[in-house]
Amino acid sequence: MMFLSRRRTMLVVLFLPIIHSFTHCRRQLGVTCMIQNKVLANFWGSSSRYMSSSSNTVPEVVRLNVVDFSAILTNEDLRPTYQIIDVREPNELEVVSLRGNDIINLPLSTANEWSGKVIDGSTLDSNKPTVCLCHHGMRSLRVANFLVGNAGFKEVYNVEGGIHQYAVKVDPSIG
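Let us look at the structure shown here. Not measured: the values here are computed from a predicted model.

### Some points on the overall build of the chain
- Each helix and strand in the chain was counted, giving 5 helices and 8 strands.
- Per-residue burial for the chain yields a buried fraction of 43% across its 175 residues.
- At a minimum sequence separation of 6, the contacts of the chain that also span at least 24 residues come to 55%.
- Accessible area for the chain stands at about 9700 Å²; split by element, carbon and sulfur atoms hold 53% of it.

Here's what the structure looks like:
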């Protein structure tokens, strides 16, 4: 047992068995986890956070590092299970963009045009895990918080460092 926050009375960290290949576990043992190459990336202050299985728990945006994001992008079985949202402007997409026609562009500057469609479910599926991306991770964090706080999404990830960090650490060929 480990106390993670003074604001919470007691939070127990569950240490899951180390899994050697990339695995995405949804709500296993009452937590959401991403594990890659022996690294448990689902604890406070890292790529993501443990979430309580309690029905009273409000979902939180989960921080996703670019290496784990790359694992999602390159895994043919895993990628279709996510909806990937790029909130950058069209002129930014002309300079650098990810490959694939499954990436949804919802520019933050036009949020007033698409936010109602997201809330009513006509644009995105609130039950599907969602990854948000921008240039450095700040605009996408705003959209991710909107999805969790206003649109009822349960599983939302924000790519830390955005496409810039992805190009630096994972795929320099894109930018």
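### Observations regarding the pairing of strand 8 (residues 156-159)
- Residues of strand 8 alternate between two faces, with Val156 and Asn158 on one and Tyr157 and Val159 on the opposite face, all of them buried.
- Relative to strand 8, strand 4 (residues 62-64) is paired through 3 bridges, and the arrangement is parallel. Bridge pairing in strand 8 links arginine 63 to asparagine 158.
- The pairing of strand 7 (residues 130-133) with strand 8 spans 3 bridges and is classified as parallel. Looking at strand 8, one finds that cysteine 132 is bridged to asparagine 158.
- Assessed by its sense of winding, the connection that carries the chain from strand 7 through helix 4 (residues 138-149) to strand 8 is right-handed.

### Regarding the packing of aromatic side chains
- For the structure on display, the rule yields 3 aromatic pairs.
- Summarising the aromatic geometry, the rings of phenylalanine 69 and tyrosine 166 are spaced 5.7 Å apart at their centres and angled 70° between planes, so their arrangement reads as edge-to-face. With phenylalanine 69 in helix 1 (residues 66-74) and tyrosine 166 in helix 5 (residues 162-169), the pair connects residues that are 97 residues apart, well separated along the chain.
- Look at tryptophan 114 and phenylalanine 146: their rings are 6.1 Å apart centre to centre, the planes differ by 80°, and that puts the pair in the edge-to-face class. One end of the pair, tryptophan 114, is in helix 3 (residues 111-119); the other, phenylalanine 146, is in helix 4, with 32 residues separating them in the sequence. The pair tryptophan 114 / phenylalanine 146 is uniform in exposure class, with both members buried.

### Considerations on the pattern of salt bridges
- Considering all chains together, one arrives at 5 salt bridges under this definition.
- We note a salt bridge from aspartate 102 to arginine 79, for which the minimum N-O separation is 2.7 Å. Residue aspartate 102 is located in the loop between helix 2 (90-95) and strand 6 (103-105), and its partner arginine 79 is located in the loop between helix 1 and strand 5 (83-86); the two are separated by 23 residues in the primary sequence.
- Residue classification places aspartate 102 among the partly exposed positions, given a relative accessible area of 31%.
- Overall, the relative accessible area of 14% leaves arginine 79 in the buried class.
- As a salt-bridge pair, arginine 139 and glutamate 92 come within 2.9 Å of each other at their nearest N and O atoms. Taken together, the residues arginine 139 in helix 4 and glutamate 92 in helix 2 connect sequence positions 47 residues apart.

Definitions and cut-offs
- Residues numbered from 1 in each chain as written.
- Predicted model: local features only at pLDDT ≥ 70, side-chain atom pairs only at ≥ 80, totals over all residues.
- Heavy atoms only, no water.
- Helix = DSSP H or I, 4+ residues; strand = E, 2+ residues; numbered from the N terminus.
- Buried < 20%, exposed > 50% of the residue type's maximum accessible area, 1.4 Å probe, protein only.
- Contact = heavy atoms within 4.5 Å.
- Areas by Shrake-Rupley, 256 points an atom, 1.4 Å probe, with all protein chains shown as cover.
- Pairing = 2+ DSSP bridges.
- Right-handed = clockwise from strand over helix to strand, strands pointing away.
- Phe/Tyr/Trp six-rings, centres within 6.5 Å; stacked < 30°, edge-to-face > 60°.
- Salt bridge = Lys/Arg side-chain N within 4 Å of Asp/Glu carboxyl O.

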